[in-house]
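Architecture at a glance
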Amino acid sequence: MTTTPPTAEFAESLRSASRRDPEAPAARQAQAAEVPVSATDPLLRHLSDRAGGPAGRRLRPRRGAGGFWSIPRVLVALTVVGILLSALSGQYCRINGWGGVGVYHWGCYSDVAALWGSRDLNVSPWAPFSADLASFEYPAATMAVASFFAALTHWLAETTGGYWGERGGLLYWDLTFLVAAVLWIALVLITYVSAGRRPWDAAIVALSPAMIFAIGINWDIWPAVALALAVLLYQRKRWLWAGVLIGIGVAFKLYPLFMLGAVLVLALRTALRKQERNHDVDLVVFAKVAAGTLISWLVINVPVMLINFEAWARFFVFSSERGAGYSSLWHVWMVLGEGPTPETVSALSFGLFAASCAGVLVLGLTVSERPRMVQLLFLIVAAFLLFSKVYSPQFMLWLVPLIALAAPRLRDVVIWNAAQVLHFWAVWMYLADVVGDHLPQHAFDAKLYVAAVILHMASTVYLMAQVIWDMARPQRDIIRAQQDLAAAA
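Every value quoted in this text rests on a predicted model; they were computed, and no experiment measured them.

1. What to know about the overall build of the protein
In terms of regular secondary structure, the protein is built from 23 helices and 0 strands. In the protein, which comprises 489 residues, the share counted as buried stands at 52%. Sequence separation of at least 24 residues holds for 74% of the intrachain contacts in the protein that already meet a minimum separation of 6. Carbon and sulfur atoms make up 66% of the accessible area of the protein, which totals about 21800 Å².

2. Focus: the packing of aromatic side chains
This structure, assessed with the given rule, holds 33 aromatic pairs. Judged by centre distance (5.6 Å) and plane angle (25 degrees), the ring pair of Trp222 and Phe252 falls under stacked. Within this pair, whereas Trp222 is found in helix α12 (residues 221-235), its partner Phe252 is found in the loop between α13 (239-250) and α14 (258-272), the two being separated by 30 residues in sequence. On the basis of relative accessibility, which here comes to 6%, the residue Phe252 falls in the buried class.

3. What about the pattern of salt bridges?
Tallying each qualifying case throughout the model produces 10 salt bridges. Between Asp201 and Arg198 there is a salt bridge, and its shortest N-O distance comes to 2.5 Å. Given a relative accessible area of 5%, Asp201 falls into the buried group. Judged by its relative accessible area of 2%, Arg198 is buried. A salt bridge links Arg476 to Asp470, with the shortest nitrogen-to-oxygen separation between them at 2.6 Å. Each member of the pair, Arg476 as well as Asp470, carries the same accessibility label: buried. One connected set of salt bridges, linked through shared partners, spans Arg372, Asp477 and Arg480.

4. A look at the packing of helix α20 (residues 396-406) against helix α21 (residues 410-435)
Where α20 contacts α21, the two axes come as close as 12 Å, and the packing angle between them is 170 degrees. Looking at the two axes, α20 sits roughly antiparallel to α21. Contacts between α20 and α21 pair Met396, Leu399, Val400 and Ile403 from the former with Val413, Trp416, Gln420 and Phe424 from the latter. Residue composition of the contact of α20 with α21, by class: 7 nonpolar, 1 polar and no charged.

5. Observations regarding the state of the cysteines
Summed over the entire model, instances satisfying the criterion amount to 1 disulfide. The residue that forms a disulfide with Cys93 is Cys108, at a sulfur-sulfur distance of 1.9 Å. Taking the sign of the S-S torsion, about 70 degrees here, the bridge from Cys93 to Cys108 comes out right-handed. Of this pair, Cys93 sits in helix α5 (residues 91-96) while Cys108 sits in the loop between α6 (102-105) and α7 (111-118), and the two are 15 residues apart along the sequence. Owing to a relative accessible area of 7%, Cys108 belongs among the buried residues under this scheme.

6. Describing the nonpolar core
Core analysis: the largest hydrophobic core is formed by 136 residues, its most contacted members being Met259, Leu377 and Phe378. Residues contacting Phe378, with those up to four places away along its chain left out, are Leu399, Leu402, Ile403, Ala406, Leu463, Met464 and Val467.

Definitions and cut-offs
- Residues numbered from 1 in each chain as written.
- Predicted model: local features only at pLDDT ≥ 70, side-chain atom pairs only at ≥ 80, totals over all residues.
- Heavy atoms only, no water.
- Helix = DSSP H or I, 4+ residues; strand = E, 2+ residues; numbered from the N terminus.
- Buried < 20%, exposed > 50% of the residue type's maximum accessible area, 1.4 Å probe, protein only.
- Contact = heavy atoms within 4.5 Å.
- Areas by Shrake-Rupley, 256 points an atom, 1.4 Å probe, with all protein chains shown as cover.
- Phe/Tyr/Trp six-rings, centres within 6.5 Å; stacked < 30°, edge-to-face > 60°.
- Salt bridge = Lys/Arg side-chain N within 4 Å of Asp/Glu carboxyl O.
- Axes fitted to C-alpha atoms, helices over the stretch in contact; angles between N-to-C directions.
- Parallel < 35°, antiparallel > 145°, perpendicular 65-115°, else oblique.
- Nonpolar A, V, L, I, M, F, W, Y, C, P; charged D, E, K, R; others polar.
- Disulfide = S-S within 2.5 Å.
- Core = buried A, V, L, I, M, F, W, Y, C linked by side-chain atoms within 4.5 Å.

Take a look at the structure:
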């Protein structure tokens, strides 16, 4: 059976469908323009040979919204499966608590549960805003979310007549995870809309092992959703509102700010290339996005500054002074030998990331075809993760929706997720050895841990290389191929 891409056959099927029903409703026309992923993804095309063959000219376009199992509903169902798997993976800690070496052996460690007691949220829900209680080294929006759920936990504990007793940390984690699950569904649906004629790419977000294992560790799903909304609003040319969502994301984590860098590259390209002067994204658009970012960031941060400036500044002070964190490039250096000082780590981390940003700028300005914004965004965020002073296990969640929009080849997605899962377990087993209180066979040797860290970094570099290759050879980009197929209709 041939495995030649059925692009011409499928394009003809789209044209035929249009001729058969030129008066079809807009929704049905959009569905008819959806191109099966087997038409462009090499691995899926190969696998489809075992299940009826790749989509060709005889493919019947999907009928309107008559059936219950529409694509969004299937994606929500898949996400619910991912949520249940994630909840199941944390059951040991829910039953036995988040203390001791068992949290590492069972891979269910969570900052959310740990900070309940260690940051005095069990004493006062507004501890992050207090100078008299334990410091809370997170940005303003995360401070607010953590305090809100702490207040809700205290209220529920009181209204249930002491039912929860000493299990306040469990209730706090459960409430946080429940809302994170809702946000996960929202992230999948946002990705579905952003993916356009490749709606099934959102399944990458729904069932990614990186999402399943990372969702309950911290509050990283919040900035991920904000950034995904910013990308969608950017696609719809809602420039100011895209900036507003970037600013909200930055109030949770720094990395959504890098979308401004991707937009700036495209704006500069428009200014420097006469043949692209007709593109929408120019320096005026960049100014609108940047203004929206600044406004929303100030709206969230200024009140926290006024309440307690010292508490607000803890995150920035901590980030500037901290040394090499687990699973970072710099921590590997320390494990293999005498590592650098915190000052050296900060200088090298910033310098290498700045050099990477300069490389993305040069690449974006010099490739023959105008790159997609999300490709540039992916490269910047990935570079930040590679050279950051710390790589917490939940950081892998940052890249999942960007992979779905920038580099959704199934082969590459499987390779990257496999490397991330290996590192996820390696870092916990390494920490089990650091904590102690276990038999020698219940921990990873430091060399195996280093190998897993290098592999997870290499998998990210591999994806970056794929994106760069797509930018250098646009005909290889499966997103562009999908758009070209739909345009052929």
